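Analysis of the macromolecular model
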Amino acid sequence: MFVSDFRKEFYEVVQNQRVLLFVASDVDALCACKILQALFQCDHVQYTLVPVSGWQELETAFLEHKEQIKLLIKQDDDLEVPAYDDIFRDEEEDEELSGTETEDGSEPSEKRTRLEDEIVEKTMKRRQRREWEARRKDILFDYEQYEYHGTSSAMVVFDLAWMMSKDLNDMLWWAIVGLTDQWVQDKITQMKYVTDVGVLQRHVSRHNHRNEDEENALSVDCTRISFEYDLRLALYQHWSLHDSLCNTCYTAARFKLWSVHGQKRLQEFLADMGLPLKQVKQKFHSMDISLKENLREMIEESANKFGMKDMRVQTFSIHFGFKHKFLASDVVFATMSLMESPEKDDSGMDNFIQALDSLSRSNLDKLYHGLELAKKQLRATQQTIASCLCTNLIISQGPFLYCSLMEGTPDVMLFSKPASLSLLSRHLLKSFVCSTKNRRCKMLPLVMAAPLSVEQGTVTVVGIPPETDSSDRKNFFGRAFEKAAEGTNSRTLHNHFDLSVIELKAEDRSKFLDALVSLLS
C-alpha cells in the first residue's frame with residue numbers, strides 16, 4: 001500500500017502492537033533501525049529485531065515468525081486510491097442509467113443528439129484509457145528496468161520522529177550518517193545529496209544552537225553536531241595526511257598514484273603546500289597546531305592548481321566532549337567495515353551487532369576498531385586498483401568493461417561481500433576513467449567478479465553504471481543479469497537486495513558474459 005501519512009498510517013498502527021523489525025545489512029538501514037529503536041523505547045513498544053542480508057534470509061525469517069504476524073489489510077475505498085474503472089466509468093452502468101430514463105416528451109432529434117454526445121464521450125474515455133495504459137506501461141518499464149535510490153531510510157524515519165516532536169540529537173546524527181552512506185557509495189546524485197544536506201542543516205541549527213552565556217553553556221561531555229565544509233579525504237583526522245591522500249579514491253585517481261609519475265605529482269603537491277614530509281606522515285592529531293590551523297585552505301588552494309576543484313565538500317561532524325570528533329564519512333567507513341569484516345563468524349550476526357553498537361556513543365571503542373578495519377580496507381582497495389591497472393586486468397567486452405579478481409590475489413576475501421566489492425568497483429572505474437585515453441571506454445559501465453567460495457566454486461558479480469558527470473545513478477544491470485542468466489541457464493543466485501549484485505557459478509561465467517554482451521550490444 002502507499003503511505004501518504006507516515007505517522008497516522010504507519011507508526012500509530014504499529015504503536016500498540018508487538019513489532020517484527022527486519023533490518024538489511026547496510027549502513028543506512030542500521031541508522032534507520034537505531035532511530036526506530038529510540039522511538040519504540042520512548043513509546044514502550046515491544047519489538048523483535050531480525051537482521052537479513054538478502055531475500056532468502058528475509059523469507060526464512062518471515063516463515064519462522066508468520067504465526068505471530070498480523071497482516072493489516074485495507075479495502076480499496078479505504079486506501080483512497082481509485083480503481084481504473086472508477087476513473088473511466090463508461091460501460092454497462094452508464095448504459096443502464098441511460099436506459100432507465102423516461103422517454104415521455106422526448107423528441108427524436110433530442111434522442112439523436114443525446115446519443116451522439118454519449119458516443120463522443122465514450123470515444124474520448126476510451127482514448128484516455130489507451131493513453132493512460134500506455135503511460136502506465138512506460139512508467140512500469142522505467143521503474144522495473146533500472147535500479148536507483150530515493151531518500152535515505154534514516155532521513156525518512158527521522159522526519160517521522162520530528163513530526164511527533166520526539167527527535168533527539170542522536171537521531172539527527174543517525175539520519176546524517178544514513179545520508180552520507182548514500183553519498184559515499186554513489187547511490188544518489190550530487191544534487192540530491194546537497195539538497196538533503198540543506199534539509200538536515202536546518203535541523204542541526206535547531207538542535208545545536210546555544211548561547212555563549214553560562215546558563216546555556218554546553219556541558220563538557222555533551223554531543224555536538226556541526227555543519228562544515230571539510231576535506232574530501234577519507235579518515236584523515238584518524239590517520240596520517242599522507243596515508244589519507246594515498247588511499248582516498250578522489251585524490252588517488254587524479255594523481256594516478258599507481259604510476260611513478262603519479263607519486264611524483266603527489267610529492268609536488270605536498271611541496272606546493274609547503275608541508276614537511278615528517279609532518280605529513282605522522283598522525284594527524286600529532287601535527288603541529290600551527291600547520292593544522294590553515295590546513296584546509298592550504299590543501300584546497302594547492303588542489304585547485306592540480307585540477308582537483310572539489311576537494312572540499314559539505315558534510316557534518318560530531319563531537320563527544322572535547323576528545324572525540326568524527327566526520328559522518330568516518331562513521332560510514334567504520335560501520336561498513338564492521339558489517340563486512342572477515343574476522344567474525346560466517347553467519348554475519350556478530351558483524352551486524354558490532355556495526356549496530358558502533359553507532360552508539362557508549363561504544364566508542366567499537367567505532368575506533370571499525371576505523372582501523374576501514375583503514376585496512378581502503379589500503380587493500382587502492383592496492384587492488386593499482387594491481388588491476390598495472391596488469392591491464394580491465395578489458396573491454398564491447399558494451400561494457402570487465403575485470404575479474406583471481407583466487408590468490410592479496411586481500412581478495414575482503415571483496416567477497418557485496419558492499420566492499422561494489423565500493424572497489426566504483427573506485428576502480430573512476431581510476432580507469434582517469435587513466436585511459438580511450439574516449440569510448442570512459443563512457444562504458446563496469447562488470448566485476450571476485451571469488452566468493454572456493455569450495456562451492458562461486459563468484460560474486462557486480463555491475464556499475466558508467467562514470468559520467470551527468471549520471472543519474474540509475475543501474476540497469478539488475479534486469480540484464482536476470483535475462484542473461486535465463487537465456488543461458490546459468491546457475492545464479494539473485495539474493496541481494498541490490499539487484500546489480502549476484503552470485504554465479506564460476507563454470508558458467510563464460511556463457512553468462514557472452515549472453516550479457518549480446519544483450520547489451
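Residues numbered from 1 in each chain as written. Predicted model: local features only at pLDDT ≥ 70, side-chain atom pairs only at ≥ 80, totals over all residues. Heavy atoms only, no water.

By the naming in an unreviewed UniProt entry, the chain goes by Cell division control protein 45 homolog isoform X2 and is assigned to Erinaceus europaeus. You can read under Subcellular location (unreviewed entry) in the UniProt record for the chain the words "Nucleus". (UniProt positions renumbered as here; feature names shortened; annotations may be inferred.)

**Structural notes on the sheet that holds strand β6 (residues 395-396)**
If you walk across this open sheet you meet the six strands as β6-β7-β8-β9-β11-β10, and the pairing is mixed. One side of each edge strand has no neighbouring strand; the edge strands of this open sheet are β6 and β10 (492-493). Note that strand β8 (residues 446-453) and strand β9 (residues 458-464) share seven bridges and pair antiparallel. Note that in β9 the partner of M448 across the bridge is V462. (Pairing = 2+ DSSP bridges. Helix = DSSP H or I, 4+ residues; strand = E, 2+ residues; numbered from the N terminus.)

**Structural notes on unusual backbone geometry**
At H44, a position not held by glycine, the phi torsion is positive, near 55°. Within the secondary structure layout, H44 lies in the loop between α2 (27-42) and β2 (47-52). Exposure remark for H44: the relative accessible area of 71% places this residue in the exposed category. Look at N489: it is not a glycine, yet its phi comes out positive at around 55°. Looking at the secondary structure, you find N489 in the loop between α22 (477-488) and β10. (Buried < 20%, exposed > 50% of the residue type's maximum accessible area, 1.4 Å probe, protein only.)

**Considerations on the packing of aromatic side chains**
Here the structure, examined in full by the defined rule, presents 15 aromatic pairs. Summarising the aromatic geometry, the rings of W55 and F497 are spaced 5.0 Å apart at their centres and angled 75° between planes, so their arrangement reads as edge-to-face. Within this pair, whereas W55 is found in helix α3 (residues 55-65), its partner F497 is found in the loop between β10 and β11 (501-505), the two being separated by 442 residues in sequence. Judged by its relative accessible area of 28%, F497 falls in the partly exposed class. Ring geometry for F320 against F326: centres 6.1 Å apart, planes inclined by 55°, an arrangement best described as tilted. On the accessibility criterion, F320 (9% relative accessible area) is buried. Taken together, the ring pairs in this structure connect F476, F477, F481 and F512 into an aromatic cluster. In this structure, K292 is placed above the aromatic ring of F284, and the distance from its NZ or CZ to the ring centre is 5.2 Å. Positioned above the aromatic ring of Y148 is the side chain of K474, whose terminal nitrogen or guanidinium carbon lies 5.1 Å from the ring centre. (Phe/Tyr/Trp six-rings, centres within 6.5 Å; stacked < 30°, edge-to-face > 60°. Lys NZ or Arg CZ within 6 Å of the ring centre and 35° of its normal.)

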